[in-house]
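# Architecture at a glance
Chain residues, written in single-letter form:
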Amino acid sequence: MPDLFATTELPGLDGEIRTAEPDLAAAAQDWGRLVQARPQAVVRPATPADVAAVVRFAADRGIPVAARGSGHSPFGQSQAEGGIVLDMTSLARVYPGAGDEVVVDAGARWHRVLRATLPRGLTPPVLTDYLELTVGGTLAVGGIGGASHEHGAQTDTVTALDVVTGTGELVRCSAEREPELFDAVRAGLGQCGVITRATIRLRPARQRTRRWKLSYATLAGFLADQRRVVGDGRFDYVEGQLLPGEPTGTWRYVLDAASFYSLPDAPDEQALLGDLSFDPDTAEAEDTTYHEFLDRMADGEAELRAEGSWFHPHPWVTVFLPDGEVETVVAEALAATTPDDLGASGLVLLYPVRRDRLATPLLRVPSTELVWLFALLRTARPYDPAGPARMVAGNTELAESVRALGGTVYPAGMLPMSPPQWEDHFGEAWKTFESARQRHDPRGVLAPGQGVFGSR
Ligand SMILES: Cc1cc2nc3c(=O)[nH]c(=O)nc-3n(C[C@H](O)[C@H](O)[C@H](O)COP(=O)(O)OP(=O)(O)OC[C@H]3O[C@@H](n4cnc5c(N)ncnc54)[C@H](O)[C@@H]3O)c2cc1C
């Protein structure tokens, strides 16, 4: 616990300083609903200079400070016990753009970025499944989606960042300018700086999407077709869902793939699906606008909010598996996963990404040509501490078995990690990351909730 500070000492800002109990309670909560670390103040910056002033204030006194985007990380990653939370959603402008880039404030949510780029006929190359996450929040972890097999992580689509380092300095960085900071901030879990603005590369957007859900009776058949379609790049979007079947203990494997197109063109269904071995009787196809497809979680979110489970604990875990191990690991994990381990609104995701598309040094993935994102997105019952504890233990067990086989974890889940485990996680990138942390946040005040450098 850091020393208390008088919030009256906080520097004068253009933005707001909030110390009322509801603001502190909200900042002590997140999507996971398990960890609660109460800050002493929440700051809603109006400018990057506000961010710099707050970080400088915190660094001078050794006070922890965490940027918070939409607070959708599940395990206290955006919290700061006794410190200051920077609510970045107050810095959310999307700037009028020209050419094939867009400049956005880091607190902007991806749906807002998309709303600004689509009228220009352009889109970010990679979007997460859920668009209410902030640009800064996903760039802090990587940002993976169904287009990653072709375009990498969101951190690979960023060309420049404005960053307030842990000493309160505002620095612009890119692959050419301050590349060490650029590499330490992308997927850097907020450890070396607060991103205030990002420049994102765009690509032409199509008007429409045709999406197929193709069901397989066996894991082997599903994996073979996923390898095939990602290998030849025939779809614009590829993900996969594993659904509990009847009787209990059986699973259905659903390849979730989409093609983007603009009229009068249309996807050639025979060329796309003709050589795949899914069950034709259960195949589903849906035609929507491109935007409706990307915003596909909106209806589900509304339902889960209405029914309550949106607000229940979410002991999520996501790992990356090496290609050679995927079948065994997934089969074993599914055999050990009961409907209760997943929760009523839980989901299992599995899809491959081409390794050569992933170029962010701190996004740690196995070294095989294909890497598989495998996620157990669990929902626990409320008011039942034993449920999340059991699920977290399951996450730890999965992570341990995956690491032993050369896999890695995606650090956006509910998974306790010790400093040595973090060092192991970053592997060959650790030394560079550690020295970037020492240089850019010598007082070690930034993003304590991640616990990377032992501050949790
Ligand atoms: C419903 C749902 C769907 C999801 N889908 C996907 C998906 O498809 N693909 C995927 O990759 N991930 C997905 N995630 C995970 C998500 O990308 C991460 O948890 C992400 O970090 C959350 O973003 P946020 O804006 O809520 O950030 P927060 O949870 O607020 O913050 C996350 C971390 O980033 C740091 N941070 C936040 N803003 C900044 C900033 N401006 N500068 C520096 N550090 C910052 C915080 O301090 C914290 O450590 C999903 C999560 C949910 C809840």
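Quick caveat, the model's predicted, so the values are computed rather than measured.

Okay, the packing of helix 7 (residues 219-232) against helix 11 (residues 326-335) next. Contact geometry for helix 7 and helix 11: axes closest at 11 Å, N-to-C directions at 135°. One way to sum up the angle between helix 7 and helix 11 is to call them oblique. Along this stretch, helix 7 crosses helix 11, giving a crossing that reads as right-handed. Residues Leu-219, Ala-220, Leu-223 and Arg-227 of helix 7 form the contact with helix 11, whose own contacting residues are Val-326, Glu-327, Val-330 and Ala-331. In the contact of helix 7 with helix 11, the residues fall into six nonpolar, no polar and two charged.

In the structure shown here, the tally under the stated rule is 29 salt bridges. Arg-18 is the salt-bridge partner of Glu-16, the closest N and O atoms lying 2.9 Å from each other. What makes Glu-16 partly exposed here is its relative accessible area of 38%. Residue Arg-186 is joined to Asp-183 by a salt bridge in which the shortest nitrogen-to-oxygen separation is 2.6 Å. Among the charged side chains, a network of salt bridges with common partners joins Glu-16, Arg-18, Asp-23, Arg-44 and Asp-87.

Listed as buried for helix 11 are Val-326, Val-329, Val-330, Ala-333 and Leu-334. Down the axis of helix 11, the buried side of the element spans an arc of 125°, and every buried residue falls inside it. Opposite the buried face of helix 11, at more than 90 degrees from it, the exposed residues are Glu-332 and Ala-335.

Right, let's get into the nonpolar core. In terms of nonpolar packing, the biggest core is built from 100 residues, with Ile-144, Leu-161, Leu-242, Leu-350 and Phe-374 touching the most fellow members. Residue contributions to this core peak at eight residues, all from strand 17 (residues 370-377). Mapping this core onto the domain boundaries places at least three of its residues in each of domain 2 (101-204) and domain 3 (208-409). Those residues in contact with Leu-350, other than ones at most four positions away along the chain, are Leu-219, Phe-222, Leu-223, Gln-226, Glu-239, Gly-240, Leu-242, Val-326, Val-330, Trp-372, Leu-373 and Phe-374. In terms of nonpolar packing, the next biggest core, distinct from the first, is built from 23 residues, Val-51, Ala-52, Val-164 and Leu-446 among them.

This paragraph deals with the pairing of strand 8 (residues 170-174). Across five bridges, strand 7 (residues 158-165) lies against strand 8 in antiparallel orientation. The residue of strand 8 that forms the bridge with Val-163 is Val-171. Between strand 7 and strand 8, which pair antiparallel in sequence order, lie four residues; one of them, Gly-168, sits at a positive phi of approximately 85°.

In this section: the sheet that holds strand 2 (residues 41-44). If you trace the four strands from one edge of the open sheet to the other, you get 1-2-4-3, paired in mixed fashion. Strands at the two margins of the open sheet, each flanked by one partner only, are strand 1 (16-18) and strand 3 (65-68). Direction aside, the axes of adjacent strands within the sheet are offset by 25° on average. By the bridge criterion, three bridges tie strand 1 to strand 2 in an arrangement that is antiparallel. Within the sheet, the bridge partner assigned to Arg-18 lies in strand 2 and is Val-42.

Structurally, the position occupied by Asp-225 is in helix 7. With a relative accessible area of 3%, Asp-225 lands in the buried category. Within polar-contact distance, the side chain of Asp-225 engages the backbone nitrogen of Ser-277 at 2.7 Å.

Here we come to the site of the ligand. Taken together, 32 residues are adjacent to the ligand, and Ala-67, Ser-70, Ser-73, Ile-144 and Tyr-410 come closest. Within the backbone of Gln-77, a nitrogen or oxygen atom sits 2.9 Å from an oxygen atom of the ligand. Measuring from an oxygen atom of the ligand, one finds a side-chain N or O atom of Tyr-410 at 2.6 Å. Isolated, the ligand exposes 960 Å² of accessible area, and the fraction of that covered by the protein chains is 96%. Mapped onto the shell around the ligand, the elements with two or more residues apiece are strand 3, helix 4 (135-139) and strand 9 (193-201). Formed jointly, the shell around the ligand draws a minimum of three residues from each of two domains, domain 1 (7-87) and domain 2 (101-204).

Okay, the domain arrangement of the protein chain next. If you check the domain split of the protein chain, you get domain 1 (7-87), domain 2 (101-204) and domain 3 (208-409). Placing the centre of domain 2 and that of domain 3 at their C-alpha centroids yields a distance of 23 Å. Of the residues lining the interface, 28 residues belong to domain 2; the matching set on domain 3 comes to 29 residues. Surface buried jointly by domain 2 and domain 3 totals about 2,200 Å² across both partners, of which 58% is contributed by carbon and sulfur atoms. Linking domain 2 with domain 3 are two salt bridges, by the criterion used here. Taking the shortest distance from any N to any O, the salt bridge between Arg-296 and Asp-129 comes out at 3.2 Å. If you look at where domain 2 meets domain 3, you find ten residue pairs in polar contact (both at pLDDT 80 or more). Looking at the side of domain 2 that touches domain 3, the elements with two or more residues in it are helix 5 (148-151) and helix 6 (179-185). Here the element with the most residues in the side of domain 2 that touches domain 3 is helix 5; it accounts for four residues. Taken together, the residues of the side of domain 2 that touches domain 3 break down into twelve nonpolar, ten polar and six charged.

Our next topic: the UniProt feature "domain: FAD-binding PCMH-type" (unreviewed entry) in the protein chain. Within this numbering scheme, the UniProt entry marks residues 35-205 as carrying the feature "domain: FAD-binding PCMH-type" (unreviewed entry). Here residues 35-205 is 22% helix and 25% strand, with 39 Å between the C-alpha atoms at its ends.

In this section: the packing of aromatic side chains. Applying the stated criterion to the full structure yields 17 aromatic pairs. Ring centres of Phe-5 and Phe-57 lie 5.8 Å apart, and the angle between their planes is 70°; this geometry places the pair in the edge-to-face category. Linking Phe-5 in the segment before strand 1 with Phe-57 in helix 2 (residues 48-61), this pair joins segments that are 52 residues apart in sequence. Just as Phe-5 is buried, Phe-57 falls in that class too. Linked through ring pairs, Trp-422, Phe-426, Trp-430, Phe-433 and Phe-453 together constitute an aromatic cluster. For the cation-ring pair, Arg-296 lies above Phe-293, with the distance from its terminal atom to the ring centre recorded as 4.5 Å.

About the cut-offs
- Residues numbered from 1 in each chain as written.
- Predicted model: local features only at pLDDT ≥ 70, side-chain atom pairs only at ≥ 80, totals over all residues.
- Heavy atoms only, no water.
- Axes fitted to C-alpha atoms, helices over the stretch in contact; angles between N-to-C directions.
- Helix = DSSP H or I, 4+ residues; strand = E, 2+ residues; numbered from the N terminus.
- Parallel < 35°, antiparallel > 145°, perpendicular 65-115°, else oblique.
- Left-handed = near helix turned anticlockwise from the far one by under 90°.
- Contact = heavy atoms within 4.5 Å.
- Nonpolar A, V, L, I, M, F, W, Y, C, P; charged D, E, K, R; others polar.
- Salt bridge = Lys/Arg side-chain N within 4 Å of Asp/Glu carboxyl O.
- Buried < 20%, exposed > 50% of the residue type's maximum accessible area, 1.4 Å probe, protein only.
- Arc of directions from axis to C-beta.
- Core = buried A, V, L, I, M, F, W, Y, C linked by side-chain atoms within 4.5 Å.
- Domains from an automatic or database assignment.
- Pairing = 2+ DSSP bridges.
- Polar contact = N/O pair within 3.5 Å; in protein donor to acceptor, adjacent residues only side chain to side chain.
- Near = heavy atom within 4 Å.
- Areas by Shrake-Rupley, 256 points an atom, 1.4 Å probe, with all protein chains shown as cover.
- Buried area = accessible area lost by both parts, 1.4 Å probe.
- UniProt positions renumbered as here; feature names shortened; annotations may be inferred.
- Phe/Tyr/Trp six-rings, centres within 6.5 Å; stacked < 30°, edge-to-face > 60°.
- Lys NZ or Arg CZ within 6 Å of the ring centre and 35° of its normal.

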